[in-house]
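# Coordinate inspection notes
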Amino acid sequence: DEEDNFSGESEEGSEGEDEEFEDVQSSQDEAEDYDVHFDAEEEAEELRKFRQACDHEQFPDELDTPIDIPARVRFQKYRGLKSFRTSPWDAKENLPRDYSRISQIANFRNIRKHLLKPVDRQVPSGAFVHVFIENVPVAIKDSSRGSVVIFTLLEYEQRMSVQHVLQQRHVLSEAVVKSKEQLLVQVGFRRYVVSPIFSQHTKSDKHKMERFMPNSGTFYGEFSTLP
């Protein structure tokens, strides 16, 4: 009996050692993989953005004066307001040239109500229909995998405009996203790369710009009607 007990304890000990060895081996593999894909410049850039984000969170309304250029040159595009809420602001002042190529929506709610108004001979939701498409390129037919997504555009949805969106960070995301960085966004069935400008989401006619991702952003994009 004593020999049996001794042998059993040795087997349990060996299993525990194997499990511990497997954990150590997996951590070593992850470390080796990190060393292979290590990019010193990328790591330094991420560290710099992280420090800037921490400074912005602690001092959101402060900005350091540069050392290499005069302050009057660095801040020549800034303008002081006596009151951010009540001081007048011309929305069309100093606009970029790209604004001349976009469409301006006078009343978004009325336009949306007009576009989503029921029309005659409308196919009900969930109905089966036969769709015939002519002059389909052979390359599209060969590249399809048995299913094709078909959509239609409402009036004005082919025009370029400015989109103001609300975004929410994922609970597991710890990435530092700076304003004007390229992001891949999807609005409805469209997906494209944009460089959004982040700002505070308020009901005022002026919105304070944020240097890092809050819950509101603005970028160029095709006019899109909410469902």
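Keep in mind that this is a model prediction, so the values were computed, not measured.

### What to know about the overall build of the protein
Looking only at helices and strands, the protein features five helices and five strands. Order of helices (α) and strands (β) in the protein, N terminus to C terminus: α-α-α-α-α-β-β-β-β-β. Sequence-distant contacts, at least 24 apart, represent 64% of the contacts inside the protein between residues at least 6 apart. Accessible surface for the protein amounts to roughly 20400 Å². Of this, 52% is attributable to carbon and sulfur atoms.

### So, the side chain of glutamate 157
Its place among the elements puts glutamate 157 in the loop between helix H5 (138–143) and strand E1 (160–166). The side chain of glutamate 157 sits in the buried core without any salt bridge; arginine 190 is the nearest counter-charge, 5.3 Å away. Apart from the residues lying within four places of it in its own chain, the contact partners of glutamate 157 are Thr152, Arg190, Glu222, Phe223, Ser224 and Thr225.

### Considering the confidence of the model for the protein
Model confidence for the protein is summarised by a mean pLDDT of 76, while 79% of its residues fall at 70 or above. For the protein, the element scoring lowest by mean pLDDT is helix H1 (residues 2–36), at 50; strand E4 (residues 197–198) scores highest, at 88.

### Here we look at the pattern of salt bridges
Using the criterion set out here, one finds one salt bridge in the structure. Between lysine 208 and glutamate 210 there is a salt bridge, with the nearest N and O atoms lying 4.0 Å from each other. Relative accessible area serves as the criterion here: at 25%, lysine 208 is assigned to the partly exposed category. Under the relative-accessibility criterion, glutamate 210 is labelled buried at 10%.

Reading the values: rules and limits
- Residues numbered from 1 in each chain as written.
- Predicted model: local features only at pLDDT ≥ 70, side-chain atom pairs only at ≥ 80, totals over all residues.
- Heavy atoms only, no water.
- Helix = DSSP H or I, 4+ residues; strand = E, 2+ residues; numbered from the N terminus.
- Contact = heavy atoms within 4.5 Å.
- Areas by Shrake-Rupley, 256 points an atom, 1.4 Å probe, with all protein chains shown as cover.
- Buried < 20%, exposed > 50% of the residue type's maximum accessible area, 1.4 Å probe, protein only.
- Lys, Arg positive; Asp, Glu negative; His and termini not counted.
- Salt bridge = Lys/Arg side-chain N within 4 Å of Asp/Glu carboxyl O.
- pLDDT = per-residue confidence, 0-100.

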